[in-house]
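As a plain string of letters, each chain reads:
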Amino acid sequence: RTPIAAMQRWGFLNLRGTADEEGSIDLAEDQLLIGRTSKCKIRYADTTVSSVHAKLSFARETGEVWLEDCSVNGTWLGARRIGKGKVVRLHDGDIFSLLRSDSGSPPPQYSYS
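Residues numbered from 1 in each chain as written. Predicted model: local features only at pLDDT ≥ 70, side-chain atom pairs only at ≥ 80, totals over all residues. Heavy atoms only, no water.

This paragraph deals with the pairing of strand β1 (residues 11-16). Burial of β1 is one-sided: the residues G11, L13 and L15 facing one way are buried, the residues F12, N14 and R16 facing the other way are not. The pairing of β1 with strand β11 (residues 109-112) spans 4 bridges and is classified as antiparallel. Counterpart to R16 in the pairing with β11 is Q109. (Buried < 20%, exposed > 50% of the residue type's maximum accessible area, 1.4 Å probe, protein only. Helix = DSSP H or I, 4+ residues; strand = E, 2+ residues; numbered from the N terminus. Pairing = 2+ DSSP bridges.)

In structure tokens form, the structure reads like this:
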């Protein structure tokens, strides 16, 4: 693959969920954090979401996208729990969620494209 120049968009995250949450986020930076702290680009107030719950990383040299589970409560790729400290490669169309829903309400879910 050809390396992608700095700050050029390399993908999208599409938020899947309730109507007021649905939206799309352009991915251009090499790293995107999801969690509760101010350093996270996508932030949640829900205390079941970790301070830094998940990290998306982009390797410009190869064009690969990686998802790291940084949480205690879990990050899921499809139906599979990733596991704290573990990293998985994302592919176009992959769907990941921040939590597993036991309450009947859907957890925050994202699709990568």
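Before going further, it helps to spend a moment on the sheet that holds strand β7 (residues 76-77). With respect to topology, 6 strands assemble into an open sheet ordered β2-β1-β11-β10-β7-β8, the strand pairing being antiparallel. Bordering the open sheet on either side are β2 (23-27) and β8 (80-81), each of which pairs with just one other strand.

Sheet strands pair by backbone hydrogen bonding; their relative direction is either parallel or antiparallel. Ordered by their spatial adjacency, 5 strands build an open sheet running β4-β3-β5-β6-β9, and the pairing between neighbours is mixed. Strands with a single pairing partner mark the edges of an open sheet, and in this sheet they are β4 (42-43) and β9 (87-90). Both strand β3 (residues 31-35) and strand β5 (residues 52-59) contribute to a ladder of 5 bridges, which runs antiparallel. The partner of L33 across the bridge, within β5, is K55.

In this section: the pattern of salt bridges. What the rule picks out here adds up to 3 salt bridges. Between D30 and R60 there is a salt bridge, with the nearest N and O atoms lying 2.5 Å from each other. Of this pair, D30 sits in the loop between β2 and β3 while R60 is found in the loop between β5 and β6 (64-69), placing the two residues 30 residues apart along the sequence. Judged by its relative accessible area of 10%, R60 is buried. With a shortest N-O distance of 3.6 Å, E64 and R89 are connected by a salt bridge. Highlighted residues: E64 in strand β6 and R89 in strand β9, separated in sequence by 25 residues. For E64, a relative accessible area of 22% corresponds to the partly exposed category. (Salt bridge = Lys/Arg side-chain N within 4 Å of Asp/Glu carboxyl O.)

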